[in-house]
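# Coordinate analysis (summary)
Each chain, letter by letter, is given below.
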Amino acid sequence: MVNKIKVKQLSCYYNKKCVLKSLSINIVQNEILSVIGPANSGKTTFLRTLNRMNDLNIAYYRDGVVYLDDNNIFDMNMEKLRRRVGMLFAMPIPLPMSIYENIVYAPKLFGLIKTKSEQNDIVEQTLKDASLWDEVKDRLNFSAMKMSGGQQQRLCIARILAVNPEVILFDEPCSGLDPISTAKVEEAMIELKRKYTIVLVTNNVKQASRVSDKTAFFLMGRLIEIDKTGELFVSPKKKETEDYITGRFG
Ligand SMILES: Nc1ncnc2c1ncn2[C@@H]1O[C@H](COP(=O)(O)OP(=O)(O)OP(=O)(O)O)[C@@H](O)[C@H]1O
Ligand SMILES: [Mg+2]
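Let me begin by describing the structure that accompanies this report.

Rules used throughout
- Residues numbered from 1 in each chain as written.
- Chains lettered and ligands numbered in written order.
- Predicted model: local features only at pLDDT ≥ 70, side-chain atom pairs only at ≥ 80, totals over all residues.
- Heavy atoms only, no water.
- Helix = DSSP H or I, 4+ residues; strand = E, 2+ residues; numbered from the N terminus.
- Expected span 1.5 Å × (residues − 1).
- Buried < 20%, exposed > 50% of the residue type's maximum accessible area, 1.4 Å probe, protein only.
- Arc of directions from axis to C-beta.
- Contact = heavy atoms within 4.5 Å.
- Near = heavy atom within 4 Å.
- Polar contact = N/O pair within 3.5 Å; in protein donor to acceptor, adjacent residues only side chain to side chain.
- Areas by Shrake-Rupley, 256 points an atom, 1.4 Å probe, with all protein chains shown as cover.

### A closer look at helix α4 (residues 116–129)
For α4, with 14 residues, the first-to-last C-alpha span of 20 Å sits near the 20 Å given by 1.5 Å per residue. Along α4, the residues that are buried comprise Gln119, Ile122, Val123, Thr126, Leu127 and Asp129. With its buried residues spanning 155° around the axis, α4 presents them on a single face. Its buried side turned inward, α4 meets α3 (99–109), α5 (133–136), α6 (149–161) and α7 (179–192). The first or second residue beyond α4 is Ser131, which carries a positive phi of 55°.

### So, the site of ligand 1
Taken together, 14 residues surround ligand 1, and among them Asn40, Gly42, Lys43, Thr44 and Thr45 come closest. In the model, an oxygen atom of ligand 1 is placed 2.8 Å from a nitrogen or oxygen of the Thr44 side chain. The contact in question runs from a nitrogen atom of ligand 1 to an N or O atom on the side chain of Asn57, over 3.5 Å. Coverage of ligand 1 by the protein amounts to 66% of the 630 Å² it exposes when considered alone. Top contributing element to the shell around ligand 1 by residue count: helix α1 (residues 43–50), with three residues.

Given below as structure tokens:
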């Protein structure tokens, strides 16, 4: 087991109020780590810190170190870090262009692909990896805005894959989706962990138990417990975890 990300004593603050307290956590390569916990427990702040999405927020301050492989992410070039660590949000936001153009947009911008055949290859490969190819292969020139919500979310996954990341962060990616679309996104995530390392923030404890290898429970800015998903759900070691997963609060 290789630790892809090592978080050491990370604390985060907004306007001097501490919202993540001395968090230390290892994220294993090619695994899915779920982060669960009630509202305001710091889940999104944790994800946004992993690709330095909060760096421009002057109210935000952090302390501690995060290593990606063995490099401190806070010393890295931000654009390079964002390409290595991609992030998917709750609301899919495709670009108002075709399915095909949505995928080749960023790699073209970064100069990662040049020829038409390279473009075709990346479109096919990323759509296959996002479990969307079979549904859209005959209409790649259709507008992405006309797809269903679940398809748009998987297209957004394909767009992230197109810049060749190593880690993908998902922040409640299924919160606006129906159960069938949710199942398809979950299926895509399970496929993706063969190539990528995944951190999934979810309000849905059943989703965490279905897809993840490990689960971390956050409460009021603290990591209460992290364990193999089966262990955490079957025999949680902390009372707070048990209360949360059995629906007693949150
Ligand atoms: N940009 C911000 N400015 C100031 N405070 C913030 C900001 N973002 C989050 N917070 C505060 O930080 C704390 C943690 O918020 P965060 O969004 O990380 O929680 P969360 O676990 O993702 O919650 P939810 O389940 O509602 O998404 C909360 O008290 C929130 O009000
Ligand atoms: Mg959140």
